[in-house]
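Examining the three-dimensional arrangement
The lines below spell out each chain.
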Amino acid sequence: MDLHGLPVFLLEGAASVAEGDSVVLDGPEGHHAAVVRRLAVGEGLVLTDGAGTRLVGTVAAVAKRSLTVEVSAARSVPRPTPSVTVVQAVPKGERGELAVELLTEVGADVVVPFAAERSIGRWRGERVARSLEKWRSTAREAAKQSRRAWWPAVTEPAGLDEVCDRVRSAGLALVLHEGGGAPLASVVPQAGLPEDLLLVVGPEGGLSDAEVEVLRSAGAAVVRLGEEVLRTSTAGAAATAALLAHTPRWGAPPPEL
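Bear in mind the structure is a predicted one, so any value in this text is a computation, not a measurement.

For the chain, the helix and strand inventory stands at six helices and twelve strands. Scaling as 2.2 N^0.38, a compact globule of 257 residues should have a C-alpha radius of gyration of about 18 Å, and the chain matches this with 20 Å. The principal-axis extents of the C-alpha atoms in the chain amount to approximately 60 × 45 × 30 Å. For the chain, with 257 residues in total, the buried portion stands at 46%. Taking all contacts inside the chain whose residues are at least 6 apart in sequence as the whole, residues at least 24 apart take part in 75%.

As a general feature of sheets, a regular strand has side chains that alternate between the two faces. Pairing of strand 3 (residues 44-48) with strand 4 (residues 53-62) involves five bridges; the strand directions are antiparallel. If you follow Thr48 over to strand 4, its bridge partner there is Arg54. From the end of strand 3 to the start of strand 4, which pair antiparallel, there are four residues, and Gly50 there has a positive phi angle of about 75 degrees. Across nine bridges, strand 4 lies against strand 5 (residues 67-76) in antiparallel orientation. For Thr58, the partnering residue across the bridge sits in strand 5 and is Glu70. The turn linking strand 4 back onto strand 5 is made up of four residues.

Moving on to unusual backbone geometry. Here Thr81 and Pro82 are connected by a cis peptide whose omega angle stands at 0 degrees. Turning to its location among the elements, Pro82 is positioned in the loop between strand 5 and strand 6 (83-89). Positive phi values are uncommon outside glycine, yet Arg38 reaches one of about 55 degrees. The topology assignment puts Arg38 in the loop between helix 1 (27-36) and strand 3. Among the residues examined, Arg38 registers a relative accessible area of 66% and is labelled exposed. With a phi angle near 60 degrees, Arg147 is a residue other than glycine that sits in the positive phi range. Tracing the sequence through the fold places Arg147 in the loop between helix 3 (126-145) and strand 8 (153-154). In this structure Arg147 comes out as partly exposed when scored by relative accessible area, which is 27%.

The next point concerns the pattern of salt bridges. All told, the structure shown has eight salt bridges when counted by the stated rule. In this structure, Lys144 engages Glu29 in a salt bridge whose closest nitrogen and oxygen atoms are separated by 2.7 Å. Of this pair, Lys144 sits in helix 3 while Glu29 sits in helix 1, and the two are 115 residues apart along the sequence. Each of the two residues, Lys144 as well as Glu29, counts as buried. We note a salt bridge from Glu141 to Lys144, for which the minimum N-O separation is 3.3 Å. Of the two residues, Glu141 and Lys144 are both situated in helix 3; the distance of three residues between them amounts to about one turn of the helix.

Taken as a whole, this structure holds one aromatic pair when the rule is applied. Relative to Trp135, the ring of Trp123 has its centre 5.0 Å away and its plane inclined at 80 degrees; by these criteria the two rings are edge-to-face. With Trp123 in the loop between strand 7 (110-114) and helix 3 and Trp135 in helix 3, the pair connects residues that are twelve residues apart, well separated along the chain. Its relative accessible area of 16% is what places Trp123 among the buried residues. Residue classification places Trp135 among the buried residues on the basis of a relative accessible area of 2%.

When the UniProt feature table is mapped onto this chain numbering, "domain: Ribosomal RNA small subunit methyltransferase E PUA-like" (unreviewed entry) sits at residues 25-71. For residues 25-71, the end-to-end C-alpha separation is 12 Å, with 21% helix and 45% strand making up the annotated structure.

On to the nonpolar core, then. Membership of the largest hydrophobic core comes to 27 residues, with the highest contact counts inside it found for Val86, Trp135, Leu174, Leu176, Leu199 and Leu243. Looking at this core, the elements with two or more residues in it are strand 6, helix 2 (95-106), helix 3, strand 9 (172-176), strand 11 (196-201) and helix 6 (232-244). In terms of nonpolar packing, the next biggest core, distinct from the first, is built from 20 residues, Val110, Val163, Cys164 and Leu215 among them.

How each quantity is defined
- Residues numbered from 1 in each chain as written.
- Predicted model: local features only at pLDDT ≥ 70, side-chain atom pairs only at ≥ 80, totals over all residues.
- Heavy atoms only, no water.
- Helix = DSSP H or I, 4+ residues; strand = E, 2+ residues; numbered from the N terminus.
- Rg over C-alpha atoms; globule rule 2.2 N^0.38 Å.
- Buried < 20%, exposed > 50% of the residue type's maximum accessible area, 1.4 Å probe, protein only.
- Contact = heavy atoms within 4.5 Å.
- Pairing = 2+ DSSP bridges.
- Salt bridge = Lys/Arg side-chain N within 4 Å of Asp/Glu carboxyl O.
- Phe/Tyr/Trp six-rings, centres within 6.5 Å; stacked < 30°, edge-to-face > 60°.
- UniProt positions renumbered as here; feature names shortened; annotations may be inferred.
- Core = buried A, V, L, I, M, F, W, Y, C linked by side-chain atoms within 4.5 Å.

The following block contains the structure:
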């Protein structure tokens, strides 16, 4: 079945649902489907747990804040490879949510908020939980829009030491830095990319020389995207797209069930 145009909703426990089952979509997702989207009996939709399960169904009944869905097809989608982790320096204002939205749409699998030395945006005290929930909510909504079966994880904020640990464990770790480094395309191995990629994106003022050297010492390659200088909110998405263009992930056919 072609999934084009079908709205996507989160269903906890979707992995236990089989073809031919009927399920109730309630809670915030059911409210959104019934009240905001105003789905009617007979309309199609997609349900997912964000962890690889994709269900296609038809609305069988509509209640005040919920739907009953008859599932016509169920599929377990393999986790996409290679995986891409983006360490995103926390920018100011709403640019963080923009970065997460774009990263989710192009295919990032993990987003790590990074308290870089020059980050203007600072998460302290109660703001940490609020800001983190904004990023996670943005990732969920962007994953629905882009019809992803695997939704990206937004981790707890990380400092430089934790980022270095991630650099050491990655198959290929790259630091985006406008001040130098090789072109991004030149570091793609002829034999293809490893299964786990890591990108580090600095803040508005860029990474400090000290941060760049620490990351380089941990095993990261310093690269640039091109002559143009991108904002921190768009650089990670552009680099992720450039890397995934070298992989089967961007050569796969549209998802069907």
